[in-house]
Amino acid sequence: MTPDTELSDAEVIRRARSDPGFFSTLFDRHAPALHQYVTRRLGDSLADDVVAETFLAAFRRLAHYDTAHRDARPWLYGIAANIVGKHRRAEVRAYRALARTGVDEVAESYADRVEARVSAGAAQRELASALAALSPRDREVLLMVAWADFSYEEVAGALGIPVGTVRSRLHRARKKTRAALGGVDPSAVVTEEEPGRGR
């Protein structure tokens, strides 16, 4: 049976519980964006493994997914966040290397999105340095908002924390990175482009 691409994620998961072939729809929908997000965090060499491990864990947890949530992205990114957590040293090393050299060996950097406000090369270094200095929890929230384009509620769902905690972690992360970028909020472009996202 060919899975229907018009089904909500919740319905795909519900059907995949009895027909595992439906799970490929979930993978096809979300793996490319998740791969890009993880690549930006850890580099291409680890992204394939992290995404594969994320979807394997998701498949194993299908029975536990709350189908009241139609969109599975926060759930998948939450699983990925736990796996990325195992690679925090690699992530911080990559940010520090970028801060030193200005060469981003990963995918398109967030600095490219604020190019109109600051010099992209300098911003990359400054942003990388600021990201390396953030606590893992604050960095996770900031990058889900800025790179995964999640609302506060989606970040809360992904990480299993209250929305108020998302707000406080994001505030701390923005304050530190804003200072490193000469006053530019690293997630302001995302927020301004999408005023209806509940931020």
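For the structure, check the block above.
Because the structure is a prediction, the values reported are computed rather than measured.

**Student:** So what exactly am I meant to see when it comes to the nonpolar core here?
**Tutor:** Soluble, globular proteins show a tendency: their nonpolar side chains are buried together. Counting 52 residues, the largest nonpolar core has L26, Y37, V38, W75, Y77 and M144 as the members making the most contacts within it. A per-element tally of this core places helix α4 (residues 73-85) first, with eight residues. If sequence neighbours within four positions are ignored, V38 has contacts with G43, A47, V50 and V51.

**Student:** In this structure, what is going on with the packing of aromatic side chains? I would like to understand it.
**Tutor:** Summed over the entire model, instances satisfying the criterion amount to six aromatic pairs. Through a chain of ring-to-ring contacts, the aromatic side chains of F23, F27, F55 and F59 assemble into a single cluster.

**Student:** Help me out: how do you make sense of unusual backbone geometry in this one?
**Tutor:** Across residues other than glycine, the phi torsion is negative in most instances, and most of the peptide bonds are trans. Not every positive phi belongs to a glycine, and D149 is a case in point at roughly 60°. With respect to the helices and strands, the residue D149 is situated in the loop between α7 (136-146) and α8 (152-159).

**Student:** Please explain helix α3 (residues 44-60) as it appears in this structure.
**Tutor:** The α-helix winds at 3.6 residues per turn, so residues separated by three or four positions along the chain end up facing the same way. Taking 1.5 Å as the rise per residue, α3 with 17 residues should run 24 Å; its terminal C-alpha atoms sit 25 Å apart, in good agreement. Among all positions of α3, only L46, A47, V50, V51, T54, F55, A57 and A58 are buried. One face of α3 carries all of its buried residues, which in axial projection span an arc of 160°. Opposite its buried face, α3 presents the exposed residues S45, D49 and R60, each directed more than 90 degrees away.

**Student:** How do you make sense of α7 when you look at a structure like this?
**Tutor:** By the criterion of burial, α7 is predominantly enclosed, with nine of the 11 residues buried. When α7 is considered as a whole, its buried residues turn out to be D138, R139, E140, V141, L142, L143, M144, V145 and A146.

**Student:** Quick question: what am I supposed to make of the side chain of R169 here?
**Tutor:** Inspection of the secondary structure assignment puts R169 in helix α9 (residues 163-180). Notably, R169 is buried but unbridged: the nearest opposite-charge side chain belongs to D138, and the N-O separation is 4.7 Å. If near-sequence neighbours (up to four positions away) are discounted, R169 is found in contact with R137, D138, V141 and I161.

**Student:** Hey, could you run me through the packing of α8 against α9 in this one?
**Tutor:** Viewed as axis vectors pointing N to C, α8 and α9 meet at an angle of 105°, and their least axial separation amounts to 9 Å. The orientation of α8 relative to α9 falls into the category roughly perpendicular. Of the residues in α9, those touching α8 at Y152, E153, V155 and A156 are V163, V166, R167, L170 and R174. Looking at side-chain class alone, the contact of α8 with α9 contains six nonpolar, no polar and three charged residues.

Conventions adopted
Each chain carries its own residue numbering, running from 1 in the written order of its sequence. Only residues with pLDDT of at least 70 are given local features in this predicted model, and only at 80 or more are side-chain atom pairs given and counted; all residues enter the totals for whole chains, interfaces and linings. Hydrogens are left out, water is left out, and the side-chain values use all remaining heavy atoms of the structure. Remark: nonpolar core denotes a set of buried residues (Ala, Val, Leu, Ile, Met, Phe, Trp, Tyr, Cys) joined through side-chain atoms within 4.5 Å. Using a 1.4 Å probe on the protein chains alone, a residue whose accessible area is under 20% of its type maximum counts as buried, one over 50% counts as exposed, and one in between counts as partly exposed. Under the DSSP-based scheme used, a helix requires at least four consecutive residues in state H or I and a strand at least two consecutive residues in state E, with every element numbered from the N terminus. Residue contacts are counted whenever heavy atoms from the two residues lie within 4.5 Å of one another. Pairing of aromatic side chains requires ring centres within 6.5 Å, counting the rings of Phe and Tyr and the six-membered ring of Trp. Pairs whose planes differ by under 30 degrees are stacked, by over 60 edge-to-face, and all others tilted. A helix is expected to span 1.5 Å for every residue after the first. Here the arc refers to the directions that run from the helix axis out to each C-beta atom. Under this rule, positive means Lys or Arg and negative means Asp or Glu; His and the chain ends count for nothing. Whenever a carboxyl oxygen of Asp or Glu lies within 4 Å of a side-chain nitrogen of Lys or Arg, that contact is scored as a salt bridge. Here an angle of 0 to 180 degrees is reported between the N-to-C directions of two axes, which are lines fitted to C-alpha atoms, with helices fitted over the stretch in contact. Between 65 and 115 degrees an angle is taken as roughly perpendicular, under 35 as roughly parallel, over 145 as roughly antiparallel, and anywhere else as oblique. Put simply, Ala, Val, Leu, Ile, Met, Phe, Trp, Tyr, Cys and Pro go in the nonpolar bin, Asp, Glu, Lys and Arg in the charged bin, and everything else, Gly too, in the polar bin.

This is a description of form; function is not addressed.
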